[in-house]
Amino acid sequence: MNVVATQSGTVLPEAGVRVGPVVRVHALPVVRADGPPVWRAAGPPVVRGELPRDTAVGGARAAGELKLTRTEFARAVQLGIVRAGPAAPGGSARYTRAELERVRSARGFPEALRERVETVAGAEAAGAVLGISPGRFTRLARCGHVGPVGYRINRYRAVVWLYLSAELREFARREAGMLRGSAPPEDRDLMAAKADLRPRKWRGRHVGLLLRRTADPWERAAVLASVLPEGELREAVPDPAERIVLAALAPPPPYGHPKVPAAAAVALRLLRAQPPDEIHWYRTSLDFALTGARAQSKSTGERGPT
């Protein structure tokens with residue numbers, strides 16, 4: 001490719017040649033006896049084209065290339081729609097160009113992608129999607145018919161649950177009868193007992209999505225351990241060294257988890273299993289995961305992921 005160097009040092013391609021963004025290089029004057037100096041590039045031209053497919057970029061750039069807001073992108077990562085690549089040396093998530101191209105190549109991009117991660121907050125907005133009153137929606141959610149995908153804590157330190165719009169529309173198509181008429185007996189019993197299955201439904205989804213991201217037995221055990229109350233964890237894992245490993249591998253709080261201490265204290269309660277049967281399920285799952293993790297350590301001679 002022929003190039004021309006301008007006096008400012010910018011390398012320009014010959015007309016008709018398509019290249020990526022150009023970068024500046026040093027230029028030196030060539031003095032001629034019969035006229036003014038001509039500026040030439042002081043080395044081969046440097047042209048920045050597309051990044052290789054295995055090149056990884058940060059979350060902000062990945063979100064921009066997928067035409068998503070940061071919140072939408074975080075939801076896409078949470079749901080496994082966008083898969084993170086190897087982490088950067090500092091631990092921050094990175095995303096390969098091949099992965100971004102895979103997501104962009106899906107049918108209907110970017111509108112279909114945005115629809116998959118769109119959320120609504122609270123019973124009023126969720127009820128509007130279903131065409132029902134906030135009160136009816138609250139009953140459906142508390143009884144476990146629809147599950148939240150996230151949460152936020154408002155200024156009154158109350159939990160505001162977030163729901164995927166696409167899941168609500170699917171529920172309306174699949175269970176149209178539940179949007180009208182009186183509540184079934186099972187729901188009436190749950191409401192009379194003041195039951196609220198929303199935290200449990202969210203924890204189940206959250207843990208399931210985290211487990212899908214890794215096959216390492218120690219990392220899977222850390223996910224399950226992170227849901228148990230401290231006392232239960234000490235009983236399930238009496239070895240302090242193992243608890244240190246599990247704490248080091250514990251997943252970070254979900255995106256949007258509050259940083260203000262008062263709100264964080266409210267949200268922290270959502271991260272821990274509460275009903276006895278739920279605690280028992282996670283303890284049993286942790287025991288099974290630790291059996292595999294300890295077997296791995298025995299074969300490698302090291303405690304922790306390999």
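The structure displayed is predicted, hence computed values, not measured ones. (Residues numbered from 1 in each chain as written. Predicted model: local features only at pLDDT ≥ 70, side-chain atom pairs only at ≥ 80, totals over all residues. Heavy atoms only, no water.)

**A look at the overall build of the protein**
And then number 1: Looking only at helices and strands, the protein features 14 helices and nine strands.
And then number 2: Looking at the protein as a whole, 38% of its 306 residues qualify as buried.
And then number 3: For the protein, the proportion of contacts with a sequence separation of at least 24, taken over those separated by at least 6, is 64%.
And then number 4: Of the roughly 17,800 Å² of accessible surface on the protein, a fraction of 56% belongs to carbon and sulfur atoms. (Helix = DSSP H or I, 4+ residues; strand = E, 2+ residues; numbered from the N terminus. Buried < 20%, exposed > 50% of the residue type's maximum accessible area, 1.4 Å probe, protein only. Contact = heavy atoms within 4.5 Å. Areas by Shrake-Rupley, 256 points an atom, 1.4 Å probe, with all protein chains shown as cover.)

**What about the packing of helix 5 (residues 122–130) against helix 7 (residues 165–174)?**
And then number 1: Where helix 5 meets helix 7, the closest approach of the two axes is 9 Å, and the angle between their N-to-C directions is 45 degrees. Classified by the angle between their axes, helix 5 and helix 7 sit oblique to one another. Every pair of crossing elements has a handedness; the one defined by helix 5 and helix 7 is right-handed. Contacts from Ala-126, Val-129 and Leu-130 in helix 5 reach Ser-165, Leu-168, Arg-169, Phe-171 and Ala-172 in helix 7.
And then number 2: Here the contact of helix 5 with helix 7 is composed, by residue class, of six nonpolar, one polar and one charged. (Axes fitted to C-alpha atoms, helices over the stretch in contact; angles between N-to-C directions. Parallel < 35°, antiparallel > 145°, perpendicular 65-115°, else oblique. Left-handed = near helix turned anticlockwise from the far one by under 90°. Nonpolar A, V, L, I, M, F, W, Y, C, P; charged D, E, K, R; others polar.)

**Side note on the nonpolar core**
Across soluble globular proteins, you tend to see nonpolar side chains buried next to one another.
And then number 1: Val-207, Leu-224, Val-237, Leu-246, Tyr-282, Leu-286 and Leu-290 are the most contacted members of the largest nonpolar core, which totals 23 residues.
And then number 2: When sequence neighbours within four positions are dropped, the list of residues in contact with Leu-224 reads Val-207, Leu-211, Tyr-282, Ser-285, Leu-286 and Ala-289. (Core = buried A, V, L, I, M, F, W, Y, C linked by side-chain atoms within 4.5 Å.)

**Describing the layout of surface pockets**
And then number 1: Estimated volume of the largest pocket: approximately 1,300 Å³.
And then number 2: The wall of the largest pocket is formed by 42 residues, among which Val-77, Ala-93, Leu-210, Arg-213 and Pro-252 lie closest to the centre.
And then number 3: When residues of the lining of the largest pocket are traced back to their parent elements, those giving at least two are helix 2 (70–78), strand 8 (150–153), helix 9 (198–212) and helix 10 (217–225).
And then number 4: With seven residues, the single largest contributor to the lining of the largest pocket is helix 2.
And then number 5: A volume near 380 Å³ is recorded for the second largest pocket.
And then number 6: As for the second largest pocket, its lining consists of 24 residues, of which Ala-225, Ser-226, Val-227, Ala-250 and Arg-272 are closest to the centre. (1 Å grid on protein atoms, 1.4 Å probe; cavity = no way out; pocket = protein on both sides within 12 Å on 5 of 7 lines; lining within 4 Å. Points joined across faces, edges and corners; volume = space filled by probe spheres on them.)

**Some remarks on helix 12 (residues 240–249)**
And then number 1: Buried within helix 12 are the following residues: Glu-242, Arg-243, Val-245 and Leu-246. All buried residues of helix 12 project into a common sector of 160 degrees when viewed along the axis, lining one side. Facing away from the buried surface of helix 12 by more than 90 degrees, the exposed residues are Ile-244, Ala-247 and Ala-248.
And then number 2: Packed against the buried residues of helix 12 are helix 10, helix 11 (230–236) and helix 14 (276–300).
And then number 3: The backbone nitrogen of Ala-241 lies 2.9 Å from a side-chain oxygen of the residue at the head of helix 12, namely Asp-239. (Arc of directions from axis to C-beta. Polar contact = N/O pair within 3.5 Å; in protein donor to acceptor, adjacent residues only side chain to side chain.)

**Some words on the environment of Ala-236**
And then number 1: Looking at the secondary structure, you find Ala-236 in helix 11.
And then number 2: For the pair formed by Ala-236 and Ala-225, sequence separation is 11 residues and the distance between their alpha carbons is 8.9 Å.
And then number 3: Residues within four places of Ala-236 in sequence aside, it is in contact with Arg-283, Leu-286 and Asp-287.

**So, the packing of aromatic side chains**
And then number 1: Overall, the coordinates contain five aromatic pairs when judged by the stated rule.
And then number 2: Where Phe-137 meets Tyr-163, the ring centres are 4.9 Å apart and the plane angle is 90 degrees; that geometry is what we call edge-to-face. Taken together, the positions of Phe-137 in helix 6 (residues 134–142) and Tyr-163 in strand 9 (residues 159–164) put the pair 26 residues apart, joining distant regions of the chain. Tyr-163 carries the same exposure label as Phe-137, and that label is buried.
And then number 3: A ring pair is formed by Tyr-151 and Trp-202, whose centres lie 5.2 Å apart and whose planes are at 80 degrees; its orientation type is edge-to-face. Of this pair, Tyr-151 sits in strand 8 while Trp-202 sits in helix 9, and the two are 51 residues apart along the sequence.
And then number 4: Looking at Tyr-151, the relative accessible area reads 5%, which means it is buried.
And then number 5: Three or more aromatic residues joined by ring pairs form one cluster here, namely Tyr-151, Trp-161 and Trp-202. (Phe/Tyr/Trp six-rings, centres within 6.5 Å; stacked < 30°, edge-to-face > 60°.)

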